[in-house]
Amino acid sequence: MVEYTKVSRKTTNEDMIAICPQLGCDMMKRVKPLKLGFFGFGKYPKCKQHHLPLVYIDERIGEIVDGALACLFDKAGLPPKVLLSQIKEKYPQELNTFINSWIYCITIGRGASIISSYMDSLSKSYLKQITKKQLKILKDDLSIKIERKKEEVFNAIKRGIDEITLQYTRLLKHLRAHSEVFVNKQKILNLSPELRNMLIKWLEFSSNVEMELLKIGEKQNIPLSQVKDFYDRILNLDTGKCLLGLSSNKRISAFDRFSAYLEFWKENLTKKFTRSDIEALKTNEFLTVITNEYSTLSFLNDLKGVLAKNVSETNLWRGQLTDEQLSLILGQSNSHIRKKRNQIKKNSNYLISIETIEEYESNIKKNLARVPREIINLLNKYKNSNNLKKSLHGIYSWHPNLKIDYFEYIDTKEKAYWLGWLFAEGWLSKHDKYLRFGVELHKDDEKDLLDKFARAIGFNLEHKETEIRRDGEITDYVRIRFVSDEFAKNLIKHGFIVGKKKSKSIELPKLASRELYLAFILGYYDGDGKVGSTVITSGSINFINQVRRYFKITYKIWRTDSEWGGVGYNIYLGMDLMREMLENYRDSLERKKMHFK
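Residues numbered from 1 in each chain as written. Predicted model: local features only at pLDDT ≥ 70, side-chain atom pairs only at ≥ 80, totals over all residues. Heavy atoms only, no water.

A. Representation of the nonpolar core. Grouped together as the largest cluster of nonpolar side chains are 61 residues, with contacts concentrated most on Phe-407 and Phe-453. If one sorts the elements of this core by residue count, helix α25 (residues 514-528) sits on top with nine residues. When near neighbours in sequence (up to four residues on either side) are disregarded, Phe-407 contacts Lys-415, Trp-418, Leu-419, Leu-422, Phe-453, Phe-487, Asn-490, Leu-491, Lys-493 and His-494. Counting 52 residues, the second-largest nonpolar core is a separate cluster that includes Leu-72, Phe-73, Trp-102 and Tyr-118. (Core = buried A, V, L, I, M, F, W, Y, C linked by side-chain atoms within 4.5 Å. Buried < 20%, exposed > 50% of the residue type's maximum accessible area, 1.4 Å probe, protein only. Helix = DSSP H or I, 4+ residues; strand = E, 2+ residues; numbered from the N terminus. Contact = heavy atoms within 4.5 Å.)

B. Structural view of the side chain of Asp-445. Note that Asp-445 resides in the loop between β5 (434-442) and α22 (446-457). Leaving out residues up to four positions away in the same chain, Asp-445 has contacts with Leu-450, Leu-589 and Arg-591.

C. Quick peek at the pairing of strand β10 (residues 567-572). Pairing geometry for strand β8 (residues 535-538) and β10, over four bridges, is antiparallel. Counted as the bridge partner of Val-535 is Tyr-572 from β10. Pairing between strand β9 (residues 558-561) and β10: four bridges, direction antiparallel. Of the residues in β10, the one forming a bridge with Thr-560 is Gly-568. (Pairing = 2+ DSSP bridges.)

D. Representation of the packing of α25 against helix α26 (residues 541-550). Interaxial distance between α25 and α26 falls to 12 Å at its minimum, and their mutual angle equals 140°. Taken together, the axes of α25 and α26 lie oblique to each other. Crossing handedness for the pair α25 and α26: left-handed. Seen from α25, the contacting residues are Arg-514, Tyr-517, Phe-520, Ile-521 and Tyr-524; seen from α26, they are Phe-543, Val-547 and Tyr-550. Of the residues belonging to the contact of α25 with α26, the class tally is seven nonpolar, no polar and one charged. (Axes fitted to C-alpha atoms, helices over the stretch in contact; angles between N-to-C directions. Parallel < 35°, antiparallel > 145°, perpendicular 65-115°, else oblique. Left-handed = near helix turned anticlockwise from the far one by under 90°. Nonpolar A, V, L, I, M, F, W, Y, C, P; charged D, E, K, R; others polar.)

E. Broad picture of α26. Buried residues of α26: Phe-543, Ile-544, Gln-546 and Val-547, and no others. Along the axis of α26, the buried residues cluster in a sector spanning 160°; they form a single face. Among the structural elements, α21 (413-425), α25, β8 and β10 are those in contact with the buried residues of α26. After α26 finishes, the residue Lys-552 shows a positive phi value of roughly 55°. (Arc of directions from axis to C-beta.)

F. Structural context of the packing of aromatic side chains. Counted by the stated rule, this structure contains 27 aromatic pairs. Ring geometry for Tyr-261 and Phe-264: centres 5.0 Å apart, planes at 80°, overall edge-to-face. Residue Tyr-261 and its partner Phe-264 are both found in helix α12 (residues 254-266); the two are separated by three residues, about one turn of the helix. An aromatic cluster of three or more residues is present, and its members are Tyr-406, Phe-407, Tyr-417, Trp-418, Trp-421, Phe-437, Phe-453, Phe-459, Phe-482, Phe-487 and Tyr-585. Positioned over the ring face of Tyr-406 is Lys-415, at 5.5 Å from the centre of the ring. Above the plane of the ring of Tyr-409 lies Lys-493, whose end atom (NZ or CZ) is 5.2 Å from the centre. (Phe/Tyr/Trp six-rings, centres within 6.5 Å; stacked < 30°, edge-to-face > 60°. Lys NZ or Arg CZ within 6 Å of the ring centre and 35° of its normal.)

G. Region of the structure containing the sheet that holds β8. Read across the open sheet, the three strands follow the order β8-β10-β9; overall the sheet is antiparallel. Among the strands making up the open sheet, the edge pair consists of β8 and β9. For this sheet, the mean angle separating the axes of adjacent strands, direction not counted, is 30°.

H. Quick look at the state of the cysteines. The tally for this structure, following the rule as stated, stands at zero disulfides. Between Cys-242, a cysteine without a disulfide, and Cys-105, which holds the nearest cysteine sulfur, the sulfur-to-sulfur distance is 3.9 Å. Owing to a relative accessible area of 24%, Cys-242 belongs among the partly exposed residues under this scheme. (Disulfide = S-S within 2.5 Å.)

I. The arrangement of the environment of His-463 in detail. In this structure, His-463 sits in the loop between α22 and β6 (465-468). Each C-alpha atom, one on His-463 and one on Arg-481, is 8.7 Å from the other, the two residues being 18 residues apart in sequence. Not counting residues up to four positions away in its chain, the partners in contact with His-463 are Trp-398 and His-399.

J. Highlighting unusual backbone geometry. Backbone geometry at Lys-552 places phi at a positive 55°, although glycine is not the residue there. With respect to the element layout, Lys-552 can be found in the loop between α26 and β9.

K. Looking closely at the pattern of salt bridges. In total, this model carries 23 salt bridges according to the counting rule given. Between Asp-411 and Lys-90 there is a salt bridge; the shortest N-O distance is 3.7 Å. Taken together, the residues span a long stretch of sequence, with Asp-411 in the loop between α20 (395-398) and α21 and Lys-90 in helix α2 (residues 81-90) at a distance of 321 residues. Residue Asp-411 is classed as partly exposed on the basis of its relative accessible area, which comes to 35%. The partner of Lys-452 in a salt bridge is Asp-587, and the shortest N-O contact between them spans 2.8 Å. Taken together, the residues span a long stretch of sequence, with Lys-452 in helix α22 and Asp-587 in the loop between α27 (575-584) and α28 (590-593) at a distance of 135 residues. Residue Lys-452 is classed as partly exposed on the basis of its relative accessible area of 22%. Members of the salt-bridge network, linked through shared partners, are Asp-74, Arg-110, Lys-228 and Asp-232. (Salt bridge = Lys/Arg side-chain N within 4 Å of Asp/Glu carboxyl O.)

L. Broad picture of the side chain of His-336. Structurally, His-336 is set in helix α17 (residues 336-346). By relative accessible area, His-336 is classed as buried at 11%. Apart from the residues lying within four places of it in its own chain, the contact partners of His-336 are Ser-327, Thr-356 and Tyr-360.

M. Up close: helix α3 (residues 95-109). Compared with the 21 Å implied by 1.5 Å per residue over 15 residues, the 20 Å span of α3 between its first and last C-alpha is a close match. Of all the bends in α3, the largest measures some 25° and sits at Ile-103. Counting buried residues along α3, 12 of its 15 residues qualify, which places the element largely inside the surrounding structure. The set of residues buried in α3 consists of Leu-95, Thr-97, Phe-98, Ile-99, Asn-100, Ser-101, Trp-102, Ile-103, Cys-105, Ile-106, Thr-107 and Gly-109. Directly after α3, the chain includes Gly-111, whose backbone phi takes a positive value near 105°. (Expected span 1.5 Å × (residues − 1). Bend = angle between axes of the 7 residues up to and from the residue.)

Keep in mind these numbers describe shape, not what the thing actually does.
What follows is the structure, encoded as structure tokens:
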């Protein structure tokens, strides 16, 4: 914190107004010079509540506003990227409305009304400290010109009033700019009940952040960046509550927040958001590529710094912990951290798997007699900030944005479409003791199907493969594949079959609405439907019968035998059903739907 000029009546030649340096404290006092120059009580006045030396208000008031502005307009106060991605996926038509409403609520949720009240009370308290005689002289410019000697006597009083006025005006200008420049009031509309319910669930799920923030009050030696992360998360919760018309957190004083953000601002941890930042929230690039809130590089550096303070000096090299020693403390080979840093250079979004983080934690406990709370906090922050999932065979090092839980719930037409397509084209197989997912198709449909699907699940297209036969001949087929039990199990719970029996054993999955079933069958048609016709084919007679019954199709099922000995069951969907499918979901395979336009 800045070293202010601490009030000393021994060096004060004129009446001055001083306050407690603790932001939010209403202690204010008019300080008089010692009459005899050095005799008297209260030579160094302090705040009775906080026991801190008083400071002159004109020195402190500017930083009060700095802290408030750093808090109210910090870029970290924009809508969380994970939340935006969920809204884009489930309620894309309300994305812009949500962003506008959130921006409108930012300053309110972060405590603008409280800091404004505080500035009001500060101004009124200041004027109460001034004597009637001093106030008269300050108001009457003519008397000051006549009585030149008194001009110097009361100059400090006037300087304080001028500084309060300047800083208060500065605060109000920023709030007005927020209202007029950043917020489009015409586009602030009521959110749908469905989106409101989703936000309420998000608030409930995220409410445990409040408990983490309260722990900061305990005297823990944790990095300042982690403290800021806790504050950002809880203030975002308050903004969300404001957006929904709910009361904000009452347990943590807004004054404490502004004090904290003043410190964050001084350490260059805050950055003011701009209009371009707000517009960027709406772009596909921003929503599909989510930068880690707590990067792997920051995590490794923080962990290294904290461990260096908690290991014996024999493990340090010239007072520093080396990457080799850090690797050994984490229970890994001595080149482990060096390899991680190389992976980060190749991919700044590289994530360490949750299994490895849990292994770190276990080995730290073995290698240290006592594990400080700050180390546990770092591990938890990394896991929570990046929403780590099980990561097998380095999957996140190659696909940092992969949505492992994409098929956990089939709650959008897009998901239903891709599930149907995978029922026709995808496969699951055993890979050692794990499950491997894959899908391949002819290169003619690479951009219109495979690439679209890869982007939908966050697959890194740099790792798309061209199929090569065992004899070394390159085929006209392309594929994507990766190992993940969690991704596979989400497909299995919707009726996907592991192994070669899939084509003969699939059944119609249970979906929540006709719209989802229409999208599902359209996806299946784009995989196993006949071009120029409404016929779909499957090796599973049960599947075809279930489709026939659900959509009340009157056409008969017929059987065909393939050249390689396989059996297929076919049925016409009919033009009416096909048109309904295409109308229901418009982003299907172009070369097949063009026959029905």
